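As a plain string of letters, each chain reads:
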Amino acid sequence: MARYSYKFNLIDFWRIGELESWYEHMAEKGYILHEMGRMMSKFKKGEPQALTYRIEVTPKQHIEEDHLHLLEDSGWDYVSSEQFFHVFCAPKERNVPEIHSDPTEQAESLQPFFKVMKRNAMIATFIILLCIPLLIFNFFISEAPLYFFLAEDSFMTYIPILFFFIILFDSWRGVFKLKQLQRQLQNGIPIKHQVAFKRRISVFLVVLMIAFVNFISILFSGVEQISYDEIKGEAPVVRLESIETDSTLHYDEELVNDVEAGRTLFLPKVVNSYESKRSKQLRYEYDGMLYEPSITNDYYKMPFSNLTNAFLDSLIEYNHFLTSSNAYVEHGSNYFDRLIILEEGDLFRHIFVTKDEHVLNVMYHGFATTDELIEQIEKTFKQMKGMDD
Amino acid sequence: MSYSGGPMTEAMYYVLLALMRPNHGYQLMQLISQVSNGRVEMGPGTLYGVLTRMEKEGFIRITGNDGRRKTYEITAHGKLALKTEYIRLQSMIADSAILEE
């Protein structure tokens, strides 16, 4: 019963000598190369053997029959192929002469493969160039980057671009290193086969780690529908009933009412609620329509309180767009760390408060006064678990 | 590095020489070693590279292909290049009389 073991290569394709050394080293430990892959190699567990490995590079992604048989007739055993690379081995005691006796000729044999590598690097570069305008927009034109980063996991949009940059860098590095190898061969210096190999954290692993972070954040982030009862005590949400006096206010199918709670990768808690009701008797003076107050609560919990001020500034900048106004005024407060108010006309109030790691943003449209609002906000804060009165 | 007249590499010269009679792969390697009295030991990878290149450039041609191996022989063009190189090398030896003193 053959036992197989898989190992990540962690050696760049252009480190031909190191790959050969690594396979030789593995054979010494009893792991005989069975198949070579792009990222991993498959080994057959057996007795330790003293084997020499050589990698032959071909102009096409397969080896010609006569090429293969010429090597075999010369005493080299065929092991495996991966695109342009073909692995051969021979027991050391067989004393098989080198596959390449002329380094200059070997440099020539690498040329078609080099051309393909260069072409791939060009394609990757072209794709990145297309992405540059998008990047410029994201970094220089978009506002409130911290808000998007913390509250909307905006880093996720950068991840595919990060991938591309890593692949681009790796592609060109491979091209340059291969050219270096070619030059070395052209100068008559053969590939160092006994070179000490180092299995490095390769590009592949970096990409894997980033994908993992991405996956984790998708798993944990997100908001779900929730009821007011469920968030009571967990988040400071101001209800209309606590500030409205009209007893005929009721919900209606036509009116938007929504509560969502969840988290993002960085913010342990996020709650967004929108509540609106309509009166049966009260009307607006200016147009006679039935009174319809509404309140938005956006609550954000910071992972630690040092982040609060920076986040608040970004949050205001973000909301700045929605209300397009400059008239945010900072007030002192006995209770809150920061209190910022915008009043527009008689009916619209936009209030930002922070305390420790809690940030709340309330938008209200209705007859209640600013003071009444602030009083209620303070009450809901105190009702939260863990808050001292 | 295509051949464009002028000095030939040693590998090319011996391959053309050996292919004055049709031959293939491994036997070719052994013949080259014999002809050069063991001085030129060509690796199979090197040989294959030289054969492919010279076939493309018309110095040799494929006369047989049984799937496993290709049999090559020299062409008129190849013979001419070989002769030219031979004469050049002879001249070099003749001019080096001073080394015989």
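The paragraphs below set out a description of the structure included in this document. (Residues numbered from 1 in each chain as written. Chains lettered and ligands numbered in written order. Predicted model: local features only at pLDDT ≥ 70, side-chain atom pairs only at ≥ 80, totals over all residues. Heavy atoms only, no water.)

Observations regarding the overall build of chain A
So, point 1. Along chain A, the regular secondary structure elements total nine helices and 14 strands.
So, point 2. Here the C-alpha radius of gyration of chain A, 33 Å, is well above what a compact globule of 389 residues would show, namely 21 Å.
So, point 3. Seen through its C-alpha atoms, chain A measures out along the principal axes to roughly 100 × 45 × 40 Å.
So, point 4. The buried share of chain A, reckoned over its 389 residues, is 46%.
So, point 5. Here the analysis covers contacts within chain A between residues at least 6 apart in sequence; of these, 64% occur between residues at least 24 apart. (Helix = DSSP H or I, 4+ residues; strand = E, 2+ residues; numbered from the N terminus. Rg over C-alpha atoms; globule rule 2.2 N^0.38 Å. Buried < 20%, exposed > 50% of the residue type's maximum accessible area, 1.4 Å probe, protein only. Contact = heavy atoms within 4.5 Å.)

Considerations on the interface of chain B and chain A
Bring the parts together and some accessible area is lost; that lost area is often taken as the interface size.
So, point 1. Taken together, the 21 residues of chain B in the interface contact 18 residues of chain A.
So, point 2. Summed over both partners, the interface of chain B with chain A buries about 1,700 Å², with 55% contributed by carbon and sulfur atoms.
So, point 3. In this structure, the connection of chain B to chain A is made through three salt bridges.
So, point 4. The shortest N-O distance in the salt bridge between B:Arg53 and A:Glu105 comes to 2.2 Å.
So, point 5. Inspection of the chain B/chain A interface yields 10 residue pairs in polar contact (both at pLDDT 80 or more).
So, point 6. If you list the elements that add at least two residues to the side of chain B that touches chain A, you get helix 2 (25-35), helix 3 (44-56) and strand 3 (70-74) of chain B.
So, point 7. Element by element, the count of residues in the side of chain B that touches chain A is highest for helix 3 of chain B, at eight residues.
So, point 8. Taken together, the residues of the side of chain B that touches chain A sort by class into 10 nonpolar, six polar and five charged. (Buried area = accessible area lost by both parts, 1.4 Å probe. Salt bridge = Lys/Arg side-chain N within 4 Å of Asp/Glu carboxyl O. Polar contact = N/O pair within 3.5 Å; in protein donor to acceptor, adjacent residues only side chain to side chain. Nonpolar A, V, L, I, M, F, W, Y, C, P; charged D, E, K, R; others polar.)

Considerations on empty space enclosed by the protein
So, point 1. Summed over all chains, the structure comprises two cavities of 30 Å³ or more.
So, point 2. There is about 80 Å³ of room inside the largest cavity.
So, point 3. Forming the walls of the largest cavity are A:Asp66, A:His69, A:Leu70, A:Asp73, B:Gly25, B:Tyr26, B:Tyr48, B:Leu51, B:Arg69, B:Lys70 and B:Tyr72.
So, point 4. Going through the elements one at a time, helix 2 (65-73) of chain A together with helix 2, helix 3 and strand 3 of chain B are the ones with two or more residues in the lining of the largest cavity.
So, point 5. Partitioned by chemical class, the residues of the lining of the largest cavity number five nonpolar, two polar and four charged. (1 Å grid on protein atoms, 1.4 Å probe; cavity = no way out; pocket = protein on both sides within 12 Å on 5 of 7 lines; lining within 4 Å. Points joined across faces, edges and corners; volume = space filled by probe spheres on them.)

Re helix 2 of chain A
So, point 1. Among the residues of helix 2 of chain A, A:Asp66, A:His67, A:Leu68, A:His69, A:Leu70 and A:Leu71 are the ones counted as buried.
So, point 2. Its buried side turned inward, helix 2 of chain A meets strand 4 (51-57), strand 5 (77-82) and strand 6 (85-91) of chain A together with helix 2, helix 3 and strand 3 of chain B.
So, point 3. Just beyond helix 2 of chain A, the residue with positive phi is A:Gly75, at close to 110°.

Looking at the pairing of strand 10 (residues 294-301) of chain A
Residue and element names in this part refer to chain A.
So, point 1. Among the eight residues of strand 10, seven are classified as buried, and the element is accordingly described as predominantly covered.
So, point 2. Note: strand 9 (residues 269-276) against strand 10, eight bridges, orientation antiparallel. Pairing of Val270 across the sheet is with Tyr300, part of strand 10.
So, point 3. When strand 10 meets strand 14 (residues 358-365), the two strands line up antiparallel, connected through eight bridges. (Pairing = 2+ DSSP bridges.)

Description of the packing of aromatic side chains
All names here are of chain A.
So, point 1. Counted according to the given criterion, the structure contains 25 aromatic pairs over all chains.
So, point 2. Consider the rings of Tyr335 and Phe336, whose centres lie 5.0 Å apart with planes at 80°: the pair is edge-to-face. Phe336 carries the same exposure label as Tyr335, and that label is buried.
So, point 3. A centroid spacing of 6.4 Å and a plane angle of 80° characterise the contact between Tyr335 and Phe381, whose relative ring orientation is edge-to-face. Pair noted here: Tyr335 is in the loop between strand 11 (329-331) and strand 12 (338-344) and Phe381 is in helix 9 (residues 370-383), with a separation of 46 residues, a long-range link. Here Tyr335 matches Phe381 in class, with each residue buried.
So, point 4. Members of the aromatic cluster, each reached through a chain of ring pairs, are Tyr147, Phe148, Tyr300, Phe311 and Tyr318.
So, point 5. Positioned above the aromatic ring of Tyr335, the side-chain terminus of Lys355 is 4.4 Å from the ring centre.
So, point 6. The lysine or arginine in question, Lys382, covers the ring of Tyr335, its NZ or CZ lying 5.1 Å from the ring centre. (Phe/Tyr/Trp six-rings, centres within 6.5 Å; stacked < 30°, edge-to-face > 60°. Lys NZ or Arg CZ within 6 Å of the ring centre and 35° of its normal.)

Some remarks on the sheet that holds strand 3 of chain B
So, point 1. Pairing in this open sheet of three strands is antiparallel, and the strands run 1-3-2 (chain B) from one edge to the other. Only two strands of the sheet have a single neighbouring strand rather than two, namely strand 1 (23-24) and strand 2 (60-65) of chain B.

Function-wise, these values are silent; they only describe arrangement.
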